[in-house]
Amino acid sequence: MALMYFQASRFQARLKESGELVILSKQARTLWNESLIAEATRYLAASAEGDAPTRYHIEAGIAAHYALAPSFDAVNRHEVDKLYEILLRLAPSAVTKLNRIIVRSYLCSLDEVLQDLAGLENALEKHYLFYATKGTLLKRKGESALAKEAFLKAASLTQSASERSFLLAESNAIVSYL
């Protein structure tokens, strides 16, 4: 329940009135539902009384770090990284590895995380979030042409119109100096 409440608490902030996607780092926290966050926190605390954590406990713990931090930049990414390490032991998956790479991109060099990301390409070659992540990391590194290409690939793979629009806007916003 905690995980569902944490996720639902951001519902109003995920899309602009125009239907455009708003990524987590850009969401207005004033739109987050504080009562759902409080309820999620109570459920998470109550669930901690069990014998062993499940993947849902860990995922809720990750969501709690983002929901309870005063800003996106204030998230304790070292703790989130540790939780992803535990989650990968409990329920290993390429998507979980991708999410950990995103967290580690704030803790490690971009070259290091891009190398880790390259190791997931075969597993996630048809997954738009792989290419969206690649585009974001390359953009942060200043690799404009490669970032633009990755965003276009991501846009071609998503089925969601709002995601496609966002990814195309990200690609179009990049100025390539060729």
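Cut-offs used in this document
Residues numbered from 1 in each chain as written. Predicted model: local features only at pLDDT ≥ 70, side-chain atom pairs only at ≥ 80, totals over all residues. Heavy atoms only, no water. Helix = DSSP H or I, 4+ residues; strand = E, 2+ residues; numbered from the N terminus. Rg over C-alpha atoms; globule rule 2.2 N^0.38 Å. Buried < 20%, exposed > 50% of the residue type's maximum accessible area, 1.4 Å probe, protein only. Contact = heavy atoms within 4.5 Å. Areas by Shrake-Rupley, 256 points an atom, 1.4 Å probe, with all protein chains shown as cover. Phe/Tyr/Trp six-rings, centres within 6.5 Å; stacked < 30°, edge-to-face > 60°. Lys NZ or Arg CZ within 6 Å of the ring centre and 35° of its normal.

> Would you mind going over the overall build of the chain with me for this structure?
If you tally the helices and strands in the chain, you get 9 helices and 0 strands. Counted from the first residue to the last, the chain has its helices and strands arranged as α-α-α-α-α-α-α-α-α. Scaling as 2.2 N^0.38, a compact globule of 178 residues should have a C-alpha radius of gyration of about 16 Å, and the chain matches this with 17 Å. Each principal axis of the C-alpha distribution contributes one length, and for the chain these read about 55 × 40 × 30 Å. Going through the 178 residues of the chain one by one, you find that 37% of them count as buried. A separation of at least 24 residues holds for 51% of the contacts in the chain among residues at least 6 apart in sequence. In the form shown here, the chain has an accessible surface area of approximately 10400 Å², with 55% of it arising from carbon and sulfur atoms.

> What am I meant to see in the packing of aromatic side chains here?
Any two aromatic rings considered together are summarised by their centre-to-centre distance and by the angle between their planes. Scanning all chains against the criterion turns up 4 aromatic pairs. Considering the side-chain rings of Tyr-66 and Phe-72, the 6.3 Å spacing of their centres and the 35° angle between planes classify their relative orientation as tilted. On the accessibility criterion, Phe-72 (14% relative accessible area) is buried. On the basis of an interplanar angle of 75° and a centroid distance of 5.8 Å, the ring pair of Phe-72 and Tyr-106 is categorised as edge-to-face. Linking Phe-72 in the loop between helix H3 (55–68) and helix H4 (77–90) with Tyr-106 in the loop between helix H5 (94–104) and helix H6 (110–118), this pair joins segments that are 34 residues apart in sequence. Above the ring of Tyr-56, the side-chain terminus of Arg-55 is found at 5.5 Å from the ring centroid. Across from the ring centre of Tyr-106, 4.5 Å away, lies the NZ or CZ of Arg-140, which sits over that ring.

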